[in-house]
Amino acid sequence: IWHDEFSFWSQAIKVNPDYMAPWANLGTAFVHKNNCPKALAYFEKALPLKETNDNGISKAGLYLNKALCHHLAGQREKAKTWYLKSNEVSMSPKASFNLGMLYLDEAKINSNNANQLHQKANAVFKDAYKLDSTNVKYGYHLAKTYDLLGEAIEAKQYYNITLSLSGNDEWIKLAKEALENME
């Protein structure tokens, strides 16, 4: 009956149209296919519906997926709003990290407020790192924002922590280069 996640979640909507999960999960299936406009339409339908804990996505996950779609579409303010909402419901390292990346991007565009935006990025990268201290990407970006803020001791500390983690070689290579440039 279910050939793929689209047919599965479409059938689930027919069976449980008043619950958030099938609508949100069908939206997520469209995210997986890089079709954010269609995903956002399903997320909008899911928002006012009842949440259940037994069959899929939570409100925080729904908000995170909405944020990701807006982020991919270049809609920074909408993405920021939904990342923040996601973290209000349940702190997520992914929402915190992506919010930090938005702040860093914004700092490149708006150099007059770069220091303030680097501080905001640093704060949410700290959150992401606290939630998942084994993620090399979170450690690297926390170090990078300390570096951007001129806080060399903290930057070196987190670059070294990044080097001690296993994971993506790209972040480890960047951490090594950053440490070399600081010496």
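Further up the page is the structure itself.
On a predicted model such as this, the values are computed, not experimentally measured, just so you know.

When its secondary structure is counted, the protein chain shows 10 helices and zero strands. Helices (α) and strands (β) of the protein chain occur, in sequence order from the N terminus, as α-α-α-α-α-α-α-α-α-α. Principal axes of the C-alpha set define a box for the protein chain whose edges measure 60 × 35 × 25 Å. Among the 183 residues that make up the protein chain, the fraction classed as buried is 46%. The long-range fraction of contacts in the protein chain, counting pairs at least 24 apart against all pairs at least 6 apart in sequence, stands at 47%. Split by element, the accessible area of the protein chain, about 9,900 Å² in all, is 49% carbon and sulfur. Of the side chains in the protein chain, 21 bear a positive and 20 a negative charge, and the two mean positions are spaced by 6 Å.

Let us now look at the packing of helix H5 (residues 76-89) against helix H6 (residues 93-109). Relative to each other, H5 and H6 sit at 150°, their axes nearing to 9 Å. In terms of their interaxial angle, H5 and H6 are classed as roughly antiparallel. The hand of the H5/H6 crossing is left-handed. Contacts from Arg76, Glu77, Ala79, Lys80, Tyr83, Leu84, Ser86 and Asn87 in H5 reach Ala95, Ser96, Asn98, Leu99, Leu102, Tyr103, Asp105, Glu106 and Ile109 in H6. Here the residues of the contact of H5 with H6 are counted per class, giving eight nonpolar, four polar and five charged.

What follows deals with the environment of Tyr103. With respect to the helices and strands, Tyr103 occurs in helix H6. Spatially, the C-alpha atoms of Tyr103 and Asn122 are 9.1 Å apart, while their sequence positions differ by 19 residues. Look past the residues within four positions of Tyr103 in its chain and what remains in contact with it is Lys80, Leu117, Lys120, Ala121 and Val124.

Before going further, it helps to examine the nonpolar core. Ranked by internal contacts, the top residues of the largest apolar core, which has 56 residues, are Leu26, Phe43, Leu62, Cys69, Tyr83 and Tyr159. Setting aside chain neighbours within four positions, we find Tyr159 in contact with Tyr140, Ala143, Lys144, Asp147, Ala175, Ala178, Leu179 and Met182.

Reading the values: the criteria
- Residues numbered from 1 in each chain as written.
- Predicted model: local features only at pLDDT ≥ 70, side-chain atom pairs only at ≥ 80, totals over all residues.
- Heavy atoms only, no water.
- Helix = DSSP H or I, 4+ residues; strand = E, 2+ residues; numbered from the N terminus.
- Buried < 20%, exposed > 50% of the residue type's maximum accessible area, 1.4 Å probe, protein only.
- Contact = heavy atoms within 4.5 Å.
- Areas by Shrake-Rupley, 256 points an atom, 1.4 Å probe, with all protein chains shown as cover.
- Lys, Arg positive; Asp, Glu negative; His and termini not counted.
- Charge placed at Lys NZ, Arg CZ, Asp CG, Glu CD.
- Axes fitted to C-alpha atoms, helices over the stretch in contact; angles between N-to-C directions.
- Parallel < 35°, antiparallel > 145°, perpendicular 65-115°, else oblique.
- Left-handed = near helix turned anticlockwise from the far one by under 90°.
- Nonpolar A, V, L, I, M, F, W, Y, C, P; charged D, E, K, R; others polar.
- Core = buried A, V, L, I, M, F, W, Y, C linked by side-chain atoms within 4.5 Å.

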